[in-house]
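A look at the structure
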Amino acid sequence: MKHIVVLISGNGSNLQAIIDACQQKKINGTISAVFSNKADAFGLERAREAGIAAHALTASQFASREAFDRELMQEIDAYAPDLVVLAGYMRILSPAFVAHYRGRLINIHPSLLPKYPGLHTHQQVLENGDEEHGTSVHFVTDELDGGPVILQARVPVFEGDDENDVTARVQAQEHAIYPLVVSWFMEGRLKMHHNEAWLDGKRLPAQGYASEE
């Protein structure tokens, strides 16, 4: 059985989608542990409810980002993960952490990358009057939200939408595509080569699988 470790900071709705997919055997693997940098993150409760080891590691315990990440790596490695999944993990990772898990570290970001890296993506979409928004699953590299895109989902933005409307629409797509990408990786279909995403032996285009070129 292949092992997944998930990192969260908050509610953990994407974590729940992956837990459900594992329980439904849609993912050929199991979540061995969940880590959060917030001790009160509701996602930790989701993990405990599912019988998954839940750990909190807070920045105040450590002198530096590097010290924090060293401890986090050590604790993650105790579970020998095949894949590390960032699901709403709000800390910027050190280069050493990214290098350690290179090729087996993925993230989901609520925008159609490379558009709107960083925070407040829904707000930016509304402020700029965009008619389309979405979410991207990508491999993690040292560039913030800049690793190779694996899969994107697009959603419309309607006149009169507020941030809650847009967030709900995007999250519904996230809960569909993130477990799918995890399943591809666990089946050995998805890999990162030379800073590019490959699926079934074919290099994916810049916007990921099934993008409109």
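Above this text is the structure in question.
Everything in this summary refers to the structure shown in the same document. (Residues numbered from 1 in each chain as written. Predicted model: local features only at pLDDT ≥ 70, side-chain atom pairs only at ≥ 80, totals over all residues. Heavy atoms only, no water.)

**Here's the deal with the pattern of salt bridges**
Per the stated rule, a full pass over the model turns up seven salt bridges. Residue Asp130 pairs with Lys115 through a salt bridge whose shortest N-O separation is 3.3 Å. Of this pair, Asp130 sits in the loop between α5 (121–127) and β6 (132–139) while Lys115 is found in the loop between β5 (105–109) and α5, placing the two residues 15 residues apart along the sequence. Taking relative accessible area as the criterion, Asp130 reaches 14% and is therefore assigned buried. (Salt bridge = Lys/Arg side-chain N within 4 Å of Asp/Glu carboxyl O. Helix = DSSP H or I, 4+ residues; strand = E, 2+ residues; numbered from the N terminus. Buried < 20%, exposed > 50% of the residue type's maximum accessible area, 1.4 Å probe, protein only.)

**Details of helix α1 (residues 13–23)**
Counting buried residues along α1, eight of its 11 residues qualify, which places the element largely inside the surrounding structure. Looking at α1, one finds that the buried residues are Ser13, Asn14, Leu15, Ala17, Ile18, Ile19, Ala21 and Cys22. Downstream of α1 by a residue or two, Lys25 has a phi angle that is positive, lying close to 65 degrees.

**What to know about the packing of α1 against helix α2 (residues 42–49)**
One way to put it is that α1 packs onto α2 with a least axis distance of 9 Å and a crossing angle of 15 degrees. As judged from the angle between their axes, α1 and α2 are roughly parallel. The handedness of the crossing between α1 and α2 comes out as right-handed. Within the contact between the two elements, α1 uses Ser13, Leu15, Gln16 and Ile19 and α2 uses Gly43, Arg46 and Ala47. Within the contact of α1 with α2, the residues separate by chemical class into three nonpolar, three polar and one charged. (Axes fitted to C-alpha atoms, helices over the stretch in contact; angles between N-to-C directions. Parallel < 35°, antiparallel > 145°, perpendicular 65-115°, else oblique. Left-handed = near helix turned anticlockwise from the far one by under 90°. Contact = heavy atoms within 4.5 Å. Nonpolar A, V, L, I, M, F, W, Y, C, P; charged D, E, K, R; others polar.)

**Some thoughts on the nonpolar core**
Within soluble globular proteins, side chains that are nonpolar tend to cluster in buried spots. Within the largest apolar cluster, 37 residues are counted, with the highest numbers of intra-cluster contacts made by Ile31 and Ile150. Considering each element in turn, this core owes the most residues, seven residues, to helix α6 (residues 163–186). Ignoring any residue separated from it by four or fewer positions in sequence, one finds Ile31 in contact with Ile4, Val6, Leu15, Ile18, Ile19, Cys22 and Ile52. Formed by 18 residues, the second largest nonpolar core is a distinct cluster that contains Ala33, Leu72, Val84 and Tyr89. (Core = buried A, V, L, I, M, F, W, Y, C linked by side-chain atoms within 4.5 Å.)

**Here we look at the pairing of strand β7 (residues 149–156)**
In terms of burial, β7 is a largely internal element, six of the eight residues being buried. Here β6 runs beside β7; their pairing, made up of seven bridges, is antiparallel. Bridged to Val137 within β7 is Leu151. (Pairing = 2+ DSSP bridges.)

**A look at the packing of aromatic side chains**
For the coordinates displayed, the defined rule picks out four aromatic pairs. A centroid spacing of 6.2 Å and a plane angle of 75 degrees characterise the contact between Phe35 and Tyr79, whose relative ring orientation is edge-to-face. With Phe35 in strand β2 (residues 30–36) and Tyr79 in the loop between α3 (65–77) and β4 (83–86), the pair connects residues that are 44 residues apart, well separated along the chain. Geometrically, the ring pair formed by Trp184 and Tyr209 is edge-to-face, given 5.4 Å between the ring centres and 75 degrees between the ring planes. A residue pair is termed long-range when its members are at least 10 positions apart, and Trp184 in helix α6 and Tyr209 in the segment after β10 (202–203) qualify at 25 residues. According to the relative accessible area criterion, Trp184 is buried, its value standing at 6%. Cation over ring: Arg91 sits above Phe68, and NZ or CZ is 3.9 Å from the ring centre. (Phe/Tyr/Trp six-rings, centres within 6.5 Å; stacked < 30°, edge-to-face > 60°. Lys NZ or Arg CZ within 6 Å of the ring centre and 35° of its normal.)

**Brief notes about unusual backbone geometry**
With an omega dihedral of 10 degrees, the bond running from Leu113 to Pro114 counts as a cis peptide bond. Here Pro114 is to be found in the loop between β5 and α5. Located in the positive-phi region is His120, a residue other than glycine, with phi close to 60 degrees. Looking at the element boundaries, His120 is found in the loop between β5 and α5.

That's the geometry; what it means functionally is another story.
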